[in-house]
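Each chain, written out:
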Amino acid sequence: AKYTWVEKDTCIACGACGATAPDIYDYDDEGLAEVIFDGDSNTGNTEIPEDLYDDLQDAQDGCPTDSIKVADAPFNK
Ligand code: F3S
């Protein structure tokens, strides 16, 4: 299983993740990314389905500040 969470303290609102994986990431009022998949609210507790793994990987690889965290267990943020 995979889970994801955005470290907003290091996000620079570059906008790449939401363009790459719009089903997983969106932006708050300040343009900082957050996980919106299935109402996750950037808690990192929602399991990402396998059909989105490619998007997830691409978003993680594309973030210039390594703010997109991915793990096999929930983040509980
Ligand atoms: Fe922020 Fe990285 Fe996305 S800088 S907007 S988390 S690609």
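Note that the coordinates shown come from a computational prediction; the quantities given were computed from them, not determined experimentally.

Thresholds applied
- Residues numbered from 1 in each chain as written.
- Predicted model: local features only at pLDDT ≥ 70, side-chain atom pairs only at ≥ 80, totals over all residues.
- Heavy atoms only, no water.
- Near = heavy atom within 4 Å.
- 1 Å grid on protein atoms, 1.4 Å probe; cavity = no way out; pocket = protein on both sides within 12 Å on 5 of 7 lines; lining within 4 Å.
- Sits in = over half its atoms within 2 Å of the grid points.
- Nonpolar A, V, L, I, M, F, W, Y, C, P; charged D, E, K, R; others polar.
- Helix = DSSP H or I, 4+ residues; strand = E, 2+ residues; numbered from the N terminus.
- Buried < 20%, exposed > 50% of the residue type's maximum accessible area, 1.4 Å probe, protein only.

Peer 1: How should the site of the ligand be read in this particular structure?
Peer 2: Every one of the 14 residues lining the ligand counts as a neighbour, but Cys11, Ile12, Gly15, Cys17 and Cys63 are closest to it. Of the pockets mapped on this structure, the ligand occupies the largest cavity. Looking at the shell around the ligand residue by residue, the classes come out as eleven nonpolar, three polar and no charged.

Peer 1: Help me out: how do you make sense of the environment of Asp61 in this one?
Peer 2: Among the secondary structure elements, Asp61 is positioned in helix α2 (residues 53–62). On the basis of relative accessibility, which here comes to 55%, the residue Asp61 falls in the exposed class. Separated by 19 residues in sequence, Asp61 and Asn42 have C-alpha atoms that sit 19 Å apart.

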